[in-house]
Amino acid sequence: AAAALRAEELAERLRRSEEQQREIPKDPTQRWLRELAALSQQLQQVHPNVLAKILKQRTVYQNEEIVVIDKPYGLPVHGGPGIKNCIADVLPILAKMLENMKADPLHLCHRLDKETTGVMVLARSKEAAEKIRLLFKTRQVEKIYWAVVLGDPDPVEGIVEIPIVEKEVQSHQSHYKMTLAPNYRLRPEDGKVMKIRKNRNAESAVTRYRRLASASACSLLELQPITGVKHQIRVHLAYGLGCPILGDHKYSHWSKLAPQKLPELTLRRLKLEQSKARHLPLHLHAHRLRLPLGQPLDFVCKLPLFFQKTLRKLELDIPKD
């Protein structure tokens, strides 16, 4: 009887805590932030079959060689410490859901960061995956991203061509970050440009950019990475142009891991306090991808809802394609 009573108490306590979690804040901005914070947590908690079903619903194109999905926010492509769910793990389940019970697992052809949304290509066979990976490697795939950034790039259109290298950041909390490894620097005595010795570990990185809109101390940029270095767009924008991506807490500071500091006008438009800025998600979206596979294939994924809401709040006008 005592055991039954304890179980009943436990069930009641669980029910109460779930109700508290479900309480919806009255303030719309607080509600919005709660939704955003819950996005990636939910994807980590669902059963792999449920995750595969979500990806099936987000399939934008498929043929005998490839499957194209609209990758959701907060879902890692690969597993790692503390990651329960990732795209790579559910590819066998997704293949069966799309075809039949005998389908071979799908294969990854490229990667997107956990927080990046948008167009992602999967291959139905090893041969197709190798063919597509080669197209990426030889820069035959055209990738177009959209990002909301802090500030205004100067000039408003151009190319960032600065090599990138991974370095350890020595601070009270040591961590690794990608950073710029330029081949040139200014001579202190007269400000003349001089060539410096190339960093052996640095990778060539080229990003084309242009401004689509500007308002509220922010800009909407269209980006075309010509190369495919890890975190390339984020590093080129933050350290090359001085315009970090909205919600990029990792690359908004060099020496510390801290939430991004936002301009007063941006906070006002987002109806946000600086103390809540850490909840802002990364506003980077893989908008379009052109794949020369026999005939050129062109895929577009529309902006996720949270990105659209941000554009409306910041009064950044989406250009008509």
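This is a predicted model, so every value here is computed, not measured.

Asker: Sorry, what's going on with the domain arrangement of the protein here?
Answerer: How big an interface is tends to be stated in terms of the accessible area lost upon association of its parts. Looking at the assigned domains, one finds that the protein contains domain 1 (43-138) and domain 2 (143-286). Computed from C-alpha atoms alone, the centre-to-centre distance between domain 1 and domain 2 is 28 Å. Between domain 1 and domain 2, the residue contacts involve 10 residues of the former and 10 residues of the latter. In total, domain 1 and domain 2 occlude about 760 Å² of area from one another, counting both sides; carbon and sulfur atoms represent 52% of this. The interface formed by domain 1 and domain 2 contains 1 salt bridge.

Asker: What am I meant to see in the UniProt feature "domain: Pseudouridine synthase RsuA/RluA-like" (unreviewed entry) in the protein here?
Answerer: Feature annotation in UniProt places "domain: Pseudouridine synthase RsuA/RluA-like" (unreviewed entry) on residues 66-238, given in this structure's numbering. Helix makes up 18% of residues 66-238 and strand 38%, with an end-to-end C-alpha separation of 34 Å.

Asker: When you look at unusual backbone geometry in this model, what are you seeing that I'm missing?
Answerer: Cis geometry is adopted by the peptide bond preceding P155, which originates at D154 and carries an omega value of 0°. Of note, S216 is a non-glycine position whose phi angle comes to about 55°, a positive value. When you line up the elements, S216 lands in the loop between β11 (206-215) and β12 (218-225). At E315, a residue that is not glycine, the phi angle is positive and equals roughly 60°. Inspection of the secondary structure assignment puts E315 in the segment after α8 (305-314).

About the thresholds
- Residues numbered from 1 in each chain as written.
- Predicted model: local features only at pLDDT ≥ 70, side-chain atom pairs only at ≥ 80, totals over all residues.
- Heavy atoms only, no water.
- Domains from an automatic or database assignment.
- Contact = heavy atoms within 4.5 Å.
- Buried area = accessible area lost by both parts, 1.4 Å probe.
- Salt bridge = Lys/Arg side-chain N within 4 Å of Asp/Glu carboxyl O.
- UniProt positions renumbered as here; feature names shortened; annotations may be inferred.
- Helix = DSSP H or I, 4+ residues; strand = E, 2+ residues; numbered from the N terminus.

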